[in-house]
Amino acid sequence: MATRVETEPIAATHRRRRPRGRRFPWGSILKHGILVFFCVIILFPLFWVFLLSIKSLPDAYTNHIWPNDFDFSSYRTALTAIDTLPQNIKNSIVLTLATMLITSTIAVLAGYALVHLPTPGKRLVLAILVASLFVPSRVTGLISIWEIQDRLGLINSTWGLILPYQTLALAVSIFIMRGVFETIPKELPESARVDGASSFMILRRIMLPLVRNGVIVVLITNFIAAWGEWLLANTLTNDQDKRTLTVVIASANAGFGQWLWPTMAAMFVVAILPGLIAFIIVNRWYMRGLQEGALKG
């Protein structure tokens, strides 16, 4: 009798611990469904523009999204309709690469100095950077930028755009690199400094390999800011051959009179294609940089 009384709680315990049936992952499906929904919202306009670029002219003025006839002649027209288009593309490439190189270098040096060097006035510098994020400097300081460029003789100069382009994403880039450098223990550069390594050697041999993914994030950020910039390039340049691809596309009009809609769509595809290719190539390092703390701090 005692044995049965003692075994009953044990049996009840085993019944309570019996694994239940596997639940259907409704929460995971809902999250993925929301992500897919917003991805479709973002990608559908790009897909629609691409389909418009390969439509024939009669098909472009119908309400059908999918083209009846595939016509790629709009790309040939888009690349030959403007005489200065090759020069405009070259201007955009040169300005974007120069902006990426200079701004990223400044951001790496500033982030390293703000975290791992005894830099005086760190809080003041950070306060100024934070304040600059809340001020649309390209709009409020446009007249001042124009006057400075005019005094330097850089109006209507493609190379002169490099100077104001450095301000496009400099504050954001410095904050990104500061967040990345904060993930590195301070004992690491201090031990290297005890061994006789200089600050520049520590940055080049120890820090840069560790913050590589963060540098990729900064490069992509500056690429987006420089490649799609319109206001400064349109204000500080006058001649068609001095302007960037973005300004030329924005000045083109679609319709029956000047540019046809398929040709206009082909121009937009040509303009966004370099950015898509660049992001696809560095996507793996870009996502790693975000995961490793590139947006911290």
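Visitor: Sorry, what's going on with the overall build of the protein here?
Guide: For the protein, the helix and strand inventory stands at 16 helices and zero strands. Here the protein holds 297 residues, and 37% of them are scored as buried. A separation threshold of at least 6 residues defines the contact pool for the protein, and within that pool the share at least 24 residues apart is 72%. Here the protein has roughly 18700 Å² of accessible surface; of this, 67% comes from carbon and sulfur atoms.

Visitor: It is not clear to me how the packing of aromatic side chains should be interpreted in this structure. Could you clarify?
Guide: Two aromatic rings are characterised by how far apart their centres lie and by the angle between their planes. Counted by the stated rule, this structure contains four aromatic pairs. Geometrically, the ring pair formed by W66 and F70 is edge-to-face, given 6.0 Å between the ring centres and 85° between the ring planes. Take W66: its relative accessible area is 52%, and that puts it in the exposed class. Residue F70 is classed as partly exposed on the basis of its relative accessible area of 47%. Between Y112 and F181 the ring centres are 5.8 Å apart and the planes differ by 55°, which places this aromatic pair in the tilted class. Of this pair, Y112 sits in helix α5 (residues 85-116) while F181 sits in helix α10 (residues 170-182); the two residues are 69 residues apart in sequence, bridging distant segments of the chain.

Visitor: What am I meant to see in the packing of α5 against helix α13 (residues 212-227) here?
Guide: Helix packing for two helices is described by the angle between their axes and how far apart those axes are. Between α5 and α13, the shortest axis-to-axis distance is 9 Å and the interhelical angle comes to 140°. Our classification of the angle between α5 and α13 gives oblique. As α5 runs across α13, the sense of the crossing is right-handed. Contacts from S92, I93, T96, T99, M100, T103, S104, A107 and V108 in α5 reach V215, V218, L219, N222, F223, A226 and W227 in α13. When its residues are assigned to classes, the contact of α5 with α13 shows ten nonpolar, six polar and no charged.

Visitor: Is there a simple way to think about the nonpolar core in this case?
Guide: Burial of nonpolar side chains together is a common tendency in soluble globular proteins. Among the nonpolar cores identified, the biggest contains 25 residues, and M177, F181, M207 and V211 are the most heavily contacted of them. Only α5, α6 (122-133), α10, α12 (199-210) and α13 provide two or more residues apiece to this core. Ranked by residue count, the leading element in this core is α10, at seven residues. With sequence-adjacent residues up to four places away left out, V211 is seen in contact with M177, V180, F181 and I184.

Visitor: Mind showing me how you'd approach the confidence of the model for the protein here?
Guide: Should pLDDT be low for a region, the predicted coordinates there are not to be read in detail. Per-residue pLDDT for the protein averages 81, and the proportion of residues at 70 or more is 86%. The least confident element of the protein, judged by mean pLDDT, is helix α1 (residues 2-16) at 50; the most confident is α5 at 91.

Visitor: I keep staring at the pattern of salt bridges and nothing clicks. Help me out?
Guide: Under the counting rule described, the total for this entry stands at one salt bridge. Between E182 and R178 there is a salt bridge; the shortest N-O distance is 3.4 Å. You can see E182 and its partner R178 sitting in helix α10, four residues apart, about one turn around the helix.

Visitor: What should I look at first to understand helix α2 (residues 26-53) in this one?
Guide: Compared with the 40 Å implied by 1.5 Å per residue over 28 residues, the 40 Å span of α2 between its first and last C-alpha is a close match. Along its length, α2 shows its largest kink, about 35°, at L43, and proline P45 lies within four residues downstream of that point. For α2, every residue scored as buried is listed here: V49, L51, L52 and S53.

Visitor: Help me understand the environment of A266 in this model?
Guide: Structurally, A266 can be placed in helix α16 (residues 261-291). For A266, a relative accessible area of 0% corresponds to the buried category. Separated by 217 residues in sequence, A266 and V49 have C-alpha atoms that sit 7.9 Å apart. In this view, A266 contacts S53, S74, Y75 and A78; residues no more than four positions away in its chain are not counted.

Visitor: Would you mind showing me how to read the packing of α10 against α13 here?
Guide: At a minimum axis distance of 9 Å, the contact between α10 and α13 shows a crossing angle of 170°. With respect to α13, the axis of α10 lies roughly antiparallel. Contacts from V172, S173, I176, M177 and V180 of α10 reach α13 at G214, V215, V217, V218, T221 and N222. Looking at side-chain class alone, the contact of α10 with α13 contains seven nonpolar, four polar and no charged residues.

Visitor: Where do I start with helix α4 (residues 73-80) in this structure?
Guide: Given 3.6 residues per helical turn, the α-helix brings residues three or four places apart onto the same face. Every buried residue belonging to α4 is among S74, Y75 and A78, and all of these are buried. When α4 is viewed along its axis, its buried side chains cluster within an angular range of 100° and face the same direction. Exposed positions of α4 whose direction lies more than 90 degrees from the buried face are R76 and T80.

Parameters at a glance
- Residues numbered from 1 in each chain as written.
- Predicted model: local features only at pLDDT ≥ 70, side-chain atom pairs only at ≥ 80, totals over all residues.
- Heavy atoms only, no water.
- Helix = DSSP H or I, 4+ residues; strand = E, 2+ residues; numbered from the N terminus.
- Buried < 20%, exposed > 50% of the residue type's maximum accessible area, 1.4 Å probe, protein only.
- Contact = heavy atoms within 4.5 Å.
- Areas by Shrake-Rupley, 256 points an atom, 1.4 Å probe, with all protein chains shown as cover.
- Phe/Tyr/Trp six-rings, centres within 6.5 Å; stacked < 30°, edge-to-face > 60°.
- Axes fitted to C-alpha atoms, helices over the stretch in contact; angles between N-to-C directions.
- Parallel < 35°, antiparallel > 145°, perpendicular 65-115°, else oblique.
- Left-handed = near helix turned anticlockwise from the far one by under 90°.
- Nonpolar A, V, L, I, M, F, W, Y, C, P; charged D, E, K, R; others polar.
- Core = buried A, V, L, I, M, F, W, Y, C linked by side-chain atoms within 4.5 Å.
- pLDDT = per-residue confidence, 0-100.
- Salt bridge = Lys/Arg side-chain N within 4 Å of Asp/Glu carboxyl O.
- Expected span 1.5 Å × (residues − 1).
- Bend = angle between axes of the 7 residues up to and from the residue.
- Arc of directions from axis to C-beta.

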